[in-house]
Amino acid sequence: MTRPRVLVAGLVVLLGVWCQSQGAALAEDTEMIVNGTPAPEGKYPWQVRIYSSMEDERGFCGGSIIASQWVLTASHCLAKGEAHGGPNTAVDPADVVVGYGSIDRTKTTKIPAAKVFVHQGYLSKGLDGKADVALIKLARPIANPDTVTLADPETDKKFLTPGAKVTVTGWGALWSPFDKDVEALMPDLGPQQEMMDKWQFPRELREVEIDSMDNDTCNATFQSARLSVAQSEICAMIKGSTKDSCQGDSGGPLVVAADVPRGFLQVGVVSWGTMCGNRVTPSVFARVSSFSDWINDTMQNN
Amino acid sequence: MTRVYGPASLFLLALGLLCWLQGPASAEDADTEMIVGGTVAPEGKYPWQVRLYTSMDDDKGRCGGTIVADQWVLTAAHCAVVDPDATADVVPLGAIVVGYGSTDRTKTTKIESEKIVVHPLYLQQGIAGNADLALIKLKRPIAGAKAVQLADAQLNKQLLTPGAKVTVTGWGALWNPEDQSIMEMLSQLTAGADLDERLNYPLKLHQVDIQVLDNESCRSVFQPSNISIADSDICGMSPASRKNSCYGDSGGPLVASLGSRKFAQVGVVSRGCGNQQLPNIYTRVSSFSDWIHETMGAN
């Protein structure tokens with residue numbers, strides 16, 4: 001696992017800010033779930049893993065099925081270049097494979113990508129473009145897809161009230177991969193490689209429930225770090241808790257319980273944070289409802 | 001493993017600073033220090049390192065120490081007393097078993113103590129006496145003993161410049177038991193294994209490099225919590241890391257390199273456990289050179 005290019009920026013490096021994607025493939029890091037619990041099979045059937053090939057069993061990012069032939073994920077999962085700045089370029093769709101239908105990342109059903117669509121805001125400015133959403137068109141449709149309902153501005157406002165309980169799911173790391181003190185413990189716990197793998201690449205999907213936070217509070221939290229969030233982003237954390245998303249969870253869904261089919265509304269896409277399990281600053285998600293038009297237009301025109 | 005409670009440790013507990021005794025052992029069930037963020041020490045690199053046990057059958061031990069002469073071991077006072085929380089009229093332990101000669105705490109050669117001499121300031125005031133030091137006379141000399149060189153005032157001054165790299169060794173805990181943040185994660189990795197045992201009682205001696213913090217800076221760190229740092233204390237920590245000694249390392253050595261694989265012992269593990277915000281406190285060996293030599297000479 002290599003460090004994301006995101007970490008190249010000065011201040012950002014000091015804080016350990018990263019995009020939350022994992023993996024060899026794109027040489028970008030991703031998020032995983034810290035202090036969550038295993039997700040029951042079938043509870044989040046729209047959850048997908050994004051792999052770099054049909055043989056890859058690890059994957060590097062999460063995503064969600066939003067239509068029979070479409071997956072929503074994060075731009076930083078599917079772009080190469082400067083994560084803070086630009087220009088960035090979309091990866092070759094030949095290096096993107098989507099797996100669905102199992103909480104075990106080694107047992108998903110895989111379909112290659114036909115096309116990838118990275119948001120223009122990310123292509124030109126990276127994370128600073130505040131548009132960390134991307135779409136994957138699959139090579140063929142999924143039969144009887146378990147799609148998730150995407151929030152629009154109205155349902156976002158209705159269900160994502162400040163402090164609302166929100167849930168993140170993913171196969172990301174169980175604790176920050178950059179914690180050297182934890183790394184030093186591994187040889188004392190068992191075979192080192194096995195321990196490292198379990199830590200950074202859990203096999204089964206995990207879920208964690210956290211609290212959404214209003215953007216003003218979130219910006220105040222980030223002020224000393226000279227980071228900020230836009231209206232097109234959502235912040236969430238439980239203050240004083242280590243419950244969080246982490247490297248490898250990127251691109252995956254942030255959902256809120258709502259009166260919609262299957263009971264959950266996707267309001268966010270896992271994007272970035274400062275050191276997983278950080279008790280002080282929240283994790284940040286791209287706000288799905290800010291990109292309703294872009295998502296609908298992209299799907300219609302392709 | 002239980003916590004040390006008592007009047008003396010009230011402030012210490014608030015900060016997560018405890019005396020570093022480990023162990024089921026004695027009636028007192030005190031905690032000890034271990035190495036956080038370190039690595040397994042190579043066999044033979046620190047031949048003066050000993051483990052202090054409660055009996056010939058105990059293979060866990062509760063403190064560390066060092067061979068300073070063929071019949072003498074140096075350790076922390078709080079490792080050699082009946083109640084590490086006592087603040088007056090402190091009673092030394094009647095006996096301690098010393099194990100040497102292996103980095104595996106279950107494979108050391110054991111010798112019983114003949115006599116335990118705790119520093120008089122500790123006997124009077126406990127940890128507040130800022131003299132957390134004791135000497136153990138063994139029942140017989142260790143044949144071919146590899147004693148550590150103790151730093152005198154001159155060597156201390158030369159070696160312990162602010163920021164100087166020093167090394168701590170011990171069989172103490174690998175993670176601060178008060179830092180529960182990663183326990184859930186670790187239990188995922190080690191399902192079925194006795195995580196508590198692995199974290200608190202490593203089989204092999206561990207080593208970790210830390211940096212010396214000047215006493216003035218250290219005083220200001222501890223001032224709000226009313227913990228006094230004396231000139232006879234050394235503070236050490238690792239910037240932005242939890243690397244340090246911890247429960248079960250108490251009494252063990254803080255050494256500085258003299259080059260070509262030689263070391264001088266500059267400190268004795270006393271208080272603190274792998275914490276990103278707080279230094280650990282070590283007893284400065286050179287402040288007690290006279291007491292050490294007089295005690296060995298008179299006994």
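None of the values given here were measured: they were computed from a predicted structure. (Residues numbered from 1 in each chain as written. Chains lettered and ligands numbered in written order. Predicted model: local features only at pLDDT ≥ 70, side-chain atom pairs only at ≥ 80, totals over all residues.)

Quick notes on the overall build of chain A
Within chain A one finds seven helices and 17 strands. Relative to its full complement of 302 residues, chain A shows a buried share of 55%. Within chain A, residue pairs in contact and separated by at least 24 positions form 73% of the contacts whose partners lie at least 6 positions apart. (Helix = DSSP H or I, 4+ residues; strand = E, 2+ residues; numbered from the N terminus. Buried ≥ 20, exposed ≤ 12 C-beta atoms within 10 Å, placed from the backbone. Contact = placed C-beta atoms within 7 Å.)

Overview of the overall build of chain B
What chain B contains, in helices and strands, is seven helices and 14 strands. For chain B, the residues scored as buried account for 53% of the 299 residues in total. Sequence-distant contacts in chain B: of pairs separated by 6 or more residues, those separated by 24 or more amount to 75%.

Section: the confidence of the model for chain A
A low pLDDT means the predicted coordinates there should not be read in detail. All names here are of chain A. Model confidence for chain A is summarised by a mean pLDDT of 88, while 89% of its residues fall at 70 or above. Counting interchain partners and residues more than four positions distant, the pLDDT-below-50 stretch residues 1-18 has 41 contacts. Note that pLDDT drops below 50 for residues 23-32; the model gives that stretch 63 contacts with residues more than four away or on any other chain. (pLDDT = per-residue confidence, 0-100.)

Thoughts on the sheet that holds strand E3 (residues 47-51) of chain A
All names here are of chain A. Around the barrel, six strands lie side by side as E3-E4-E5-E10-E9-E8; this closed barrel has antiparallel pairing. Put simply, the sheet's adjacent strands are angled 40 degrees from each other on average, direction ignored. Pairing of strand E5 (residues 70-73) with strand E10 (residues 134-138), which is carried by four bridges, proceeds in the antiparallel orientation. Looking at the pairing, Val 71 lines up with Ile 136 of E10. (Pairing = 2+ DSSP bridges. Axes fitted to C-alpha atoms, helices over the stretch in contact; angles between N-to-C directions.)

With respect to the environment of Val 116 of chain A
All names here are of chain A. Relative to the helices and strands, Val 116 resides in strand E9 (residues 109-118). Considering only alpha carbons, one finds Val 116 and Ala 94, 22 residues apart in sequence, at a separation of 9.6 Å. Once you skip the residues sitting within four places of it in the chain, Val 116 turns out to touch Leu 78, Ala 90, Val 91, Pro 93, Val 96, Ala 134 and Ile 136.

With respect to the interface of chain A and chain B
Taken together, the contacts link 16 residues of chain A with 19 residues of chain B. For the side of chain A that touches chain B, the secondary-structure elements that each account for two or more residues are helix H4 (180-189) and helix H5 (192-200) of chain A. The dominant element in the side of chain A that touches chain B, judged by the number of residues it contributes, is H4 of chain A, at seven residues. Here the residues of the side of chain A that touches chain B sort into eight nonpolar, four polar and four charged. (Nonpolar A, V, L, I, M, F, W, Y, C, P; charged D, E, K, R; others polar.)

Re the pairing of strand E4 (residues 72-75) of chain B
All names here are of chain B. Burial of E4 is two-sided: the residues Trp 72 and Leu 74 facing one way and the residues Val 73 and Thr 75 facing the other way are all buried. Pairing of strand E3 (residues 63-69) with E4 involves three bridges; the strand directions are antiparallel. Its bridge partner being in E4, Ala 69 is matched across the sheet by Trp 72. As consecutive antiparallel partners, E3 and E4 are separated by two residues.

Describing the domain arrangement of chain B
Many authors give the size of an interface as the accessible area that is lost as the parts come together. Residues and elements named next belong to chain B. Annotation of chain B at the domain level lists domain 1 (7-32 + 47-147 + 289-298) and domain 2 (150-286). For domain 1 versus domain 2, the distance between C-alpha centres works out to 17 Å. The partner domain 2 presents 41 residues to the 39 residues of domain 1 that form the contact. Taken together, the elements giving at least two residues each to the side of domain 1 that touches domain 2 come down to helix H1 (10-15), strand E2 (49-53), E3, E4 and helix H7 (289-298). (Domains from an automatic or database assignment.)

Some details on the sheet that holds strand E5 (residues 97-100) of chain B
All names here are of chain B. If you trace the six strands once around the closed barrel, you get E2-E3-E4-E7-E6-E5, paired in antiparallel fashion. For this sheet the average axis-to-axis angle between neighbouring strands, irrespective of direction, equals 40 degrees. With four bridges connecting them, E4 and strand E7 (residues 134-138) associate as antiparallel partners. Note that in E7 the partner of Val 73 across the bridge is Ile 136.

Details of the nonpolar core
Of all hydrophobic cores here, the largest spans 164 residues; its most connected members are Ala 134 and Val 266 of chain B. Of all the elements, strand E16 (residues 264-274) of chain A adds the most residues to this core, at six residues. Beyond its immediate sequence surroundings of up to four residues, Val 266 of chain B is in contact with Ala 151, Asn 156, Leu 159, Leu 160, Val 166, Ile 234, Leu 254, Val 255, Ala 256 and Val 285 of chain B. (Core = buried A, V, L, I, M, F, W, Y, C linked by C-beta atoms within 7 Å.)

Some thoughts on unusual backbone geometry
Residue and element names in this part refer to chain A. Of note, the amide linkage connecting Gly 86 to Pro 87 takes the cis form, showing an omega dihedral of -5 degrees. Of note in this structure, Asn 144 is not a glycine but carries a positive phi near 45 degrees. Along the chain, the position of Asn 144 falls in the loop between E10 and strand E11 (149-150).

A short note on the confidence of the model for chain B
Residues and elements named next belong to chain B. In the predicted model, chain B carries a mean pLDDT of 87, and the fraction of residues at 70 or more is 89%. Note that residues 1-20 has pLDDT below 50 and, in this model, 65 contacts with residues that lie over four places away or in other chains. A low-confidence stretch, residues 23-34 stays under pLDDT 50, and its non-local contacts, those more than four residues away or across chains, total 59 contacts. Model confidence for the complex: the whole-complex pTM is 0.80, and ipTM, which rates the interface, is 0.76.

Section: the domain arrangement of chain A
Residue and element names in this part refer to chain A. Per the domain assignment, the segments of chain A are domain 1 (5-31 + 46-147 + 291-301) and domain 2 (150-289). When each unit is reduced to the centre of its C-alpha atoms, the spacing between domain 1 and domain 2 is 16 Å. If you look at the interface, domain 1 gives 40 residues, while domain 2 gives 39 residues. Elements with a minimum of two residues in the side of domain 1 that touches domain 2: helix H1 (10-15), strand E1 (17-19), E3, strand E4 (61-67), E5 and helix H7 (292-301). For the side of domain 1 that touches domain 2, the element with the highest residue contribution is E4, accounting for five residues. By residue class, the composition of the side of domain 1 that touches domain 2 is 18 nonpolar, 14 polar and eight charged.

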